[in-house]
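# Residue-level structure breakdown
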Amino acid sequence: MFARKNKKSAKQIYISDIDGSNIEQITQGEQIHISPSWGPKGRYLVYTSFEKRHMRLVLYDTVAKTHKKLTRRLGMNSGGNFAPNGEILAYSASRGSDTEIFTISTKGTNRRLLISGSG
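Residues numbered from 1 in each chain as written. Predicted model: local features only at pLDDT ≥ 70, side-chain atom pairs only at ≥ 80, totals over all residues. Heavy atoms only, no water.

### So, the side chain of His33
Along the polypeptide, His33 turns up in strand 4 (residues 33-38). Side-chain polar atoms of His33 contact the side chain of Gln12, separated by 3.0 Å. At a separation of 3.4 Å, a polar atom in the side chain of His33 contacts the side chain of Ser49. (Helix = DSSP H or I, 4+ residues; strand = E, 2+ residues; numbered from the N terminus. Polar contact = N/O pair within 3.5 Å; in protein donor to acceptor, adjacent residues only side chain to side chain.)

This is the structure in structure tokens:
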């Protein structure tokens, strides 16, 4: 999986086989999509999307070929990484003037502050 910019659009997310064959573009449009991260079983990946000028986490299902917005709060929501169980993600989010670490379920529920502090 990787993000790259082509001549017609902003950075998009692609997946491929381990040898680089069978490349499939999974995001499209004029918005930037970055920071993809695989789930532990390889079915899901999470990435950061700049749709409507807001940074949101999006979960992609490689079997169903669906995208699900996990975060809807304004501000920065980025850098999602899966817990070993594949059901919870940790990510960075802005809250006021600080950026902190939160967790959220892959269903987009149970958002919790994990690490708080200035900076």
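Picking up where we left off.
### Some points on the sheet that holds strand 7 (residues 66-69)
To summarise the sheet geometry, strands pair through backbone hydrogen bonds and adopt either a parallel or an antiparallel arrangement. Read from one edge to the other, the open sheet built from four strands follows the order 4-5-6-7, with strand pairing classed as antiparallel. Each having just a single partner strand, strand 4 and strand 7 make up the two edges of the open sheet. Between one strand axis and the next, the sheet turns through 25° on average, direction left out of account. Examined bridge by bridge, strand 6 (residues 56-61) and strand 7 share four bridges and lie antiparallel to one another. When the bridges of strand 7 are listed, Leu59 appears paired with Lys68. (Pairing = 2+ DSSP bridges. Axes fitted to C-alpha atoms, helices over the stretch in contact; angles between N-to-C directions.)

### Concerning the packing of aromatic side chains
Counting across every chain of the model gives one aromatic pair. Arg111 extends its terminal NZ or CZ atom over the ring of Phe102, reaching a point 3.8 Å from the ring centre. (Phe/Tyr/Trp six-rings, centres within 6.5 Å; stacked < 30°, edge-to-face > 60°. Lys NZ or Arg CZ within 6 Å of the ring centre and 35° of its normal.)

### Some words on the nonpolar core
Among the nonpolar cores identified, the biggest contains ten residues, and these are Val46, Leu57, Leu59, Leu70, Phe82, Leu89, Tyr91, Ala93, Phe102 and Ile104. Breaking this core down by element, the ones donating at least two residues are strand 6, strand 9 (88-95) and strand 10 (98-105). Looking at this core element by element, the count peaks at three residues for strand 9. Setting aside its immediate chain neighbours within four residues, Phe82 contacts Ser37, Trp38, Gly39, Pro40, Tyr44, Leu45, Val46, Leu59, Ile88, Leu89 and Thr106. By size, the runner-up hydrophobic cluster in this structure holds seven residues, among which are Ile13, Ile15, Leu45 and Tyr47. (Core = buried A, V, L, I, M, F, W, Y, C linked by side-chain atoms within 4.5 Å. Buried < 20%, exposed > 50% of the residue type's maximum accessible area, 1.4 Å probe, protein only. Contact = heavy atoms within 4.5 Å.)

### Some words on the sheet that holds strand 8 (residues 77-82)
Spatially, four strands are ordered 8-9-10-11 in an open sheet, and the strand pairing comes out antiparallel. The open sheet is flanked by strand 8 and strand 11 (112-115), the only strands paired with a single partner. Each strand of the sheet is rotated relative to its neighbour by a mean of 35°, with strand direction disregarded. Pairing of strand 10 with strand 11 involves three bridges; the strand directions are antiparallel. Note that in strand 11 the partner of Ile101 across the bridge is Ile115.

### Observations concerning the pattern of salt bridges
Per the counting criterion, the structure on display carries three salt bridges. Between Asp61 and Arg43 there is a salt bridge, and its shortest N-O distance comes to 2.9 Å. Of this pair, Asp61 sits in strand 6 while Arg43 sits in the loop between strand 4 and strand 5 (44-49), placing them 18 residues apart in sequence. Two residues, Lys69 and Glu51, come together in a salt bridge whose shortest N-O distance is 3.7 Å. Of this pair, Lys69 sits in strand 7 while Glu51 sits in the loop between strand 5 and strand 6, placing them 18 residues apart in sequence. A residue is classified by how much of its surface remains accessible, and Lys69, at 28% relative accessible area, is partly exposed. (Salt bridge = Lys/Arg side-chain N within 4 Å of Asp/Glu carboxyl O.)

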